[in-house]
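# Understanding the architecture of this molecule
Each chain, letter by letter, is given below.
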Amino acid sequence: MRSDMIASNNTKSSAPLLDQRHLRMVTKDGHSTLQIDGTQRKGLAYLRDAWGILMDMRWRWMMLVFAASFVIHWLVFAVLWYLLAEMNGDLEVDHDAPPDNHTICVKYVTSFTAAFSFSLETQLTIGYGTMFPSGDCPSAIALLAIQMVLGLMLEAFITGAFVAKIARPKNRAFSIRFTHSAVVAHTEGKPYLMFQVANTRPSPLTSVRVSAILYQEQENGQLHQTSVDFHLDSITFEECPFFIFPLTYYHSITPSSPLGVLLQGDTPRHFELVVFLSAMQEGTGETCQRRTSYLPSEIILHHRFASMLARGAKGEYQIKMENFDKTIPELPAAADSTSPKRTDMKIRINGQHTDSFQISETGLTE
């Protein structure tokens, strides 16, 4: 019985990690699912990157940190003001008629509640006029200066974190949308892996770059990474200079393609194709990045994407986003057409058929 259990455990441990439950490393919305275990001094490492932690926080936790930091600051200095009043003997004297030989450090600070109120008024520069420090008490002046300096530093840090979190390019990346599935279709008789990406905001993005990494687990448990090249229609340079309408990216499935063997057969081997898109915001010049991934079950063979381009009443171009994730079966003639010397003319806008825009001769396009 024990040997059977050992054999069973060995079988489980030798199974590929990506094949056990077909879990993905990158979610469809671009978040990583990897977990790091066994790291030492994890808390200290987090404290060293406090700014990065604030940037990655959700807004509800950010608001909690904002409120808690100020309340803690007020409480700490309320304790210090109360201790100063106690050490100076201000809690036991009549502040309206103090003894001649006694100097009150802070007028009317006779309890912890009053000390907290004075700390709050000092930091926020409210100045109601009732409580005030005495110029003849050096300890009060020194503590006042320390509270003001530390309070200004805290305000600057929290305000900067809020502005940076609002203005970071990551928020702009949320308007970039990938198709849920990729398709394999034939163009000029050649198979291509295709996916679409759309900019859902009217403001354009520039200098768009797309890269892809194919992840496969080897028998030794290591993840093997292979770069997969994608191109945009007949654009020869790496960047797309203008991104406002949906773009269709192609990967030619040739014998040398890493996807050629993986997509063959009725049950393709498990892999994960992670796609990265980086673009520059036209107004700010900041670069944002969006990610997604495709599993074998999310790649549809012998299909192509439905057209999204249409004409309005005045002849202007319109984009039908309801067709963004729709696919249609590929016509048999498209897969059987293997002649590379066709000279028929097609009118296309980035892979989408329309009435007019850019004319390309398919016989000259590989």
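Each chain has its residues counted from 1, running along the sequence as written. A pLDDT threshold of at least 70 governs which residues receive local features in this predicted model, and a stricter bar of 80 or more applies before side-chain atom pairs are shown or counted, although totals over entire chains, interfaces and linings include all residues. Hydrogens and water are ignored here; the side-chain numbers use all heavy atoms of the structure.

Glycine aside, negative phi is the norm for most residues, and most peptide bonds take the trans geometry. A positive phi angle, near 65°, is found at Tyr-108, a position not held by glycine. If you trace the backbone, Tyr-108 turns up in the loop between helix H5 (59-88) and helix H6 (112-124). For each residue, the accessible area found with a 1.4 Å probe, counting protein chains only, is set against the maximum for its type, and the residue is called buried under 20%, exposed over 50%, and partly exposed in between. The exposure class assigned to Tyr-108 is partly exposed, which follows from its relative accessible area of 31%. You will see that Ser-207, though not glycine, has its phi angle at about 50°, which is positive. By secondary structure assignment, the location of Ser-207 is in strand E4 (residues 205-217). Numbering of helices and strands starts at the N terminus; helices are DSSP runs of H or I of at least 4 residues and strands are runs of E of at least 2.

This next bit is on the pattern of salt bridges. Each salt bridge in this description consists of a side-chain nitrogen of Lys or Arg and a carboxyl oxygen of Asp or Glu lying within 4 Å of one another. The tally for this structure, following the rule as stated, stands at six salt bridges. One salt bridge connects Glu-298 with Lys-28, and the closest N-O pair in it is separated by 3.4 Å. Here Glu-298, found in the loop between strand E9 (287-294) and strand E10 (299-301), pairs with Lys-28, found in the loop between helix H2 (17-20) and helix H3 (42-48); they are 270 residues apart in sequence, far enough to count as distant. Arg-209 is paired through a salt bridge with Glu-239; the nearest N and O atoms lie 3.0 Å apart. Of this pair, Arg-209 sits in strand E4 while Glu-239 sits in the loop between strand E6 (231-232) and strand E7 (247-252), and the two are 30 residues apart along the sequence. Shared partners join several salt bridges into a network, and the residues in it are Arg-24, Lys-28 and Glu-298.

Here the focus is H5. Helix span, as expected, comes to 1.5 Å for every residue beyond the first. Counted at 1.5 Å a residue, the expected span for H5 with its 30 residues is 44 Å, and the 44 Å between its end C-alpha atoms agrees. Tucked inside the fold, the buried residues of H5 contact helix H4 (50-56), H6 and helix H7 (138-167). Within two residues after H5, Gly-89 carries a phi angle of roughly 80°, on the positive side. Should any heavy atoms of two residues lie within 4.5 Å, those residues are counted as being in contact.

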